[in-house]
2 protein chains.
Amino acid sequence: MDSRTGLPVVGMVGGGQLARMTHQAAIALGQSLRVLALTPDDGAALVAADVRYGDHTDLAALRAFAEGCDVVTFDHEHVPTGHVRALAEAGVPVHPAADALLHAQDKRVMRERLTALAAPVPRWRPVTAADEVRAFGAEVGWPVVLKASRGGYDGRGVWPLADPTTATEQVDRLLAGGTELIVEERVPLTRELAVQVARSPFGQVAAYPVVETVQRDGICVEVLAPAPGLPEDRAVAAQQLAIDLATALDVVGLLAVELFETPAGLVVNELAMRPHNSGHWTIEGARTSQFEQHLRAVLDYPMGDTGLTAPAVVMANVLGGEPGGMSIDERLHHMFAEDPGVKVHLYGKQVRPGRKIGHVTVLGDDLDKARARAVRAARWLREGA
Amino acid sequence: MDSRTGLPVVGMVGGGQLARMTHQAAIALGQSLRVLALTPDDGAALVAADVRYGDHTDLAALRAFAEGCDVVTFDHEHVPTGHVRALAEAGVPVHPAADALLHAQDKRVMRERLTALAAPVPRWRPVTAADEVRAFGAEVGWPVVLKASRGGYDGRGVWPLADPTTATEQVDRLLAGGTELIVEERVPLTRELAVQVARSPFGQVAAYPVVETVQRDGICVEVLAPAPGLPEDRAVAAQQLAIDLATALDVVGLLAVELFETPAGLVVNELAMRPHNSGHWTIEGARTSQFEQHLRAVLDYPMGDTGLTAPAVVMANVLGGEPGGMSIDERLHHMFAEDPGVKVHLYGKQVRPGRKIGHVTVLGDDLDKARARAVRAARWLREGA
């Protein structure tokens, strides 16, 4: 507890935009997020009062950071599982715990567990040699999708393999470099969906509406909430799936389940156990933001209302454009002048082409109109004139 | 500009809850509010990254604080007018400027100016001796209301005077202590209203919906948005009055106009030039919060959409209760369990009886239901079991 306020101290490992936005939610709850950042330029380090510096792969730094925290949680999945376990063994409340978090860190472990749970997953296989991938491709049909078990995000760590020759080259190269791999069938998806739930130590689970996530080059560019045209029974099935997974994996905090929608039904793509890009729309678009909900979950507060605040909510990521042209401050002026109703969230990042530097959210009665506004606003912030 | 982000640095003098909530809004805009606080326990100092310490009555401290700020603004009205003017003369962009701010600092100046502008005000008189008050009471009828020209808030600095005898005692005592005074008729009000506008240096003005403010013992306890049962023409007249005053007084930033509604029409009670308790409902209840709007105004960004996000929005202040009983953290658990849809804002303050330690906001379709929920939640947070 913070003796000045009588309220808990949540420590978040990682100082990126998720910690930055979690800090905003913490302030409302009377708290001040403690952040473990790498550098003073990290998005959360720029804005939080209680910032410690250290590497998330350094157990001593993690131990020092955890001192005085009521609970430790994460802005990313890159803390070594053994370190998470060591913290818990030392008596630090860590949420999600190592045994849960592992399923968001290691795709092979996740696929094995989901298969055992009879959750819908693509056909897949662990990979220890190129011939296994060739045999798998022959069985399920080319192309197939090769994935690094650990460390991938935003399209990194994923390689589509068109044919046996490409497969052999790519697999040999990656295995030689020490990358652990799995291979999956390419699912005939019609679109991607995501569903977020938050679960408390008490076991209360709150599910957000199912959203559509629009990807480009492996990066999420838009999120449409609620997912347009999704039949009610399929939406409920997706929420039920996420609730079941959160419970089976003993997740505490947020769980984002990324889904492929296929003609045959839903298939689980990825899991994330933290605030997630697919939930940024909740800041204005849901009665309780994912950031507040994550804090409530890890602190074992009762969960907040997950209902929508408008019939249609669209989030568009702002990606860094090419250098030159108008400054971000000028772009902001123009964007605000064009559309006074757009809500903007900038992460304090240096602009690099393709990097997520912020997002915008638009609420409305009509999804197409809200989407057009969000896309236009995000483009203004990216490219200026 | 912050060289790390390419975005402006706003300095706010004063480290209370208004600066705390403005910091939350600054984060979304890619900024980090710079705060001049008195102590590390100030609500904003607990949560902001860039906190300087110094007294707002110390010109040297103000000058040092302003160094590197793109604009300086205020969390309260207590900076001496001469200091505000000195900063501006030294080239610091200060919003609102001294000549505008004076009308929120000095009730006599405000009443003189509003009278000159033919704005609706109570009958009033400057006070230099008790016999002036007795004569005023004989003219307008007893009771009358004595006010300190400077420094009053939350019911302080306001003394109802029942009769000539009380008047003489009170006025003599206050004048002997050096308090500058005015006296006003007691307006036959049916309720209190408030309207907020934001104005940019460019001159753009955006008006929020008119709200009803419910006072108890001189302290605002609830705000109802929009003001229930207010005829459209009267609402428009109130907004127009606030727009006219902001323009006439050359206000930059937020202007809150506190109004008495009387059988004969609207009468101006007070002015505030900063985010205001009557606008806390805008965090969730308006498309653009007053805190974001204030930043946009002082930075000369185009103003944001002031529209309501729900048909009925109710804010209730959380006042500190008697010591003992459940901790604030336990109260929060119970309140969240009872009503998952309440939004809470705690200010990081030590609890003292009657002190504003936070507020709650409830949105809904029905004002009475939303109000009952907000009042119940605020009571939970105040008193526990």
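Residues numbered from 1 in each chain as written. Chains lettered and ligands numbered in written order. Predicted model: local features only at pLDDT ≥ 70, side-chain atom pairs only at ≥ 80, totals over all residues. Heavy atoms only, no water.

**Q** Whenever I open this one, unusual backbone geometry confuses me. Can you help?
**A** Outside of glycine, negative phi angles account for most residues, and trans bonds account for most peptide bonds. Cis geometry marks the peptide bond from Ala225(A) to Pro226(A); its omega dihedral reads -10°. With respect to the secondary-structure elements, Pro226(A) resides in the loop between strand S12 (219–225) and helix H8 (232–248). Here Trp142(B) and Pro143(B) are connected by a cis peptide whose omega angle stands at -5°. Within the secondary structure layout, Pro143(B) lies in the loop between helix H6 (130–140) and strand S6 (144–148). In this model, Ala118(B) sits at a positive phi of 60°, which is unusual for a non-glycine residue. (Helix = DSSP H or I, 4+ residues; strand = E, 2+ residues; numbered from the N terminus.)

**Q** How do you make sense of the UniProt feature "binding site: ATP" (unreviewed entry) in chain A when you look at a structure like this?
**A** Residues and elements named next belong to chain A. Using the residue numbers shown here, the UniProt feature "binding site: ATP" (unreviewed entry) corresponds to Lys107, Lys147, Glu184, Glu185, Arg186, Val187, Glu192, Asn269 and Glu270. Overall, Lys107 belongs to the buried group, its relative accessible area being 10%. By the element assignment, Glu192 lies in strand S9 (residues 191–199). Once you skip the residues sitting within four places of it in the chain, Glu192 turns out to touch Val211, Glu212, Thr213, Gln215, Leu259, Phe260 and Asn269. (UniProt positions renumbered as here; feature names shortened; annotations may be inferred. Buried < 20%, exposed > 50% of the residue type's maximum accessible area, 1.4 Å probe, protein only. Contact = heavy atoms within 4.5 Å.)

**Q** Any chance you could explain the pattern of salt bridges here in plain terms?
**A** When their charged atoms lie close together, side chains carrying opposite charge are able to pair. Residue and element names in this part refer to chain A. Overall, the coordinates contain 46 salt bridges over all chains when judged by the stated rule. A salt bridge links Glu222 to Arg371; the nearest nitrogen and oxygen atoms lie 2.5 Å apart. Here Glu222 is found in strand S12, whereas its partner Arg371 is found in helix H12 (residues 367–383), with 149 residues between them in sequence. Here Glu222 falls in the buried class, since its relative accessible area comes to 6%. The class of Arg371 is partly exposed, set by a relative accessible area of 28%. One salt-bridge network, held together by shared partners, links Lys107, Arg111, Lys147, Glu184 and Glu270. (Salt bridge = Lys/Arg side-chain N within 4 Å of Asp/Glu carboxyl O.)

**Q** Help me out: how do you make sense of the side chain of Asp75(A) in this one?
**A** Residue and element names in this part refer to chain A. Summarising the element assignment, Asp75 is placed in the loop between strand S4 (71–74) and helix H3 (81–89). Summary of buried charges: Asp75 has no salt-bridge partner, and the nearest side chain of opposite charge, Arg274, is 6.9 Å away. One polar contact links the side chain of Asp75 to the main-chain amide nitrogen of Leu18, over a distance of 3.5 Å. With residues up to four places along the chain from it excluded, the contact list for Asp75 reads Met12, Val13, Gly14, Gly15, Gly16, Gln17, Leu18, Ala19 and Arg274. (Lys, Arg positive; Asp, Glu negative; His and termini not counted. Polar contact = N/O pair within 3.5 Å; in protein donor to acceptor, adjacent residues only side chain to side chain.)

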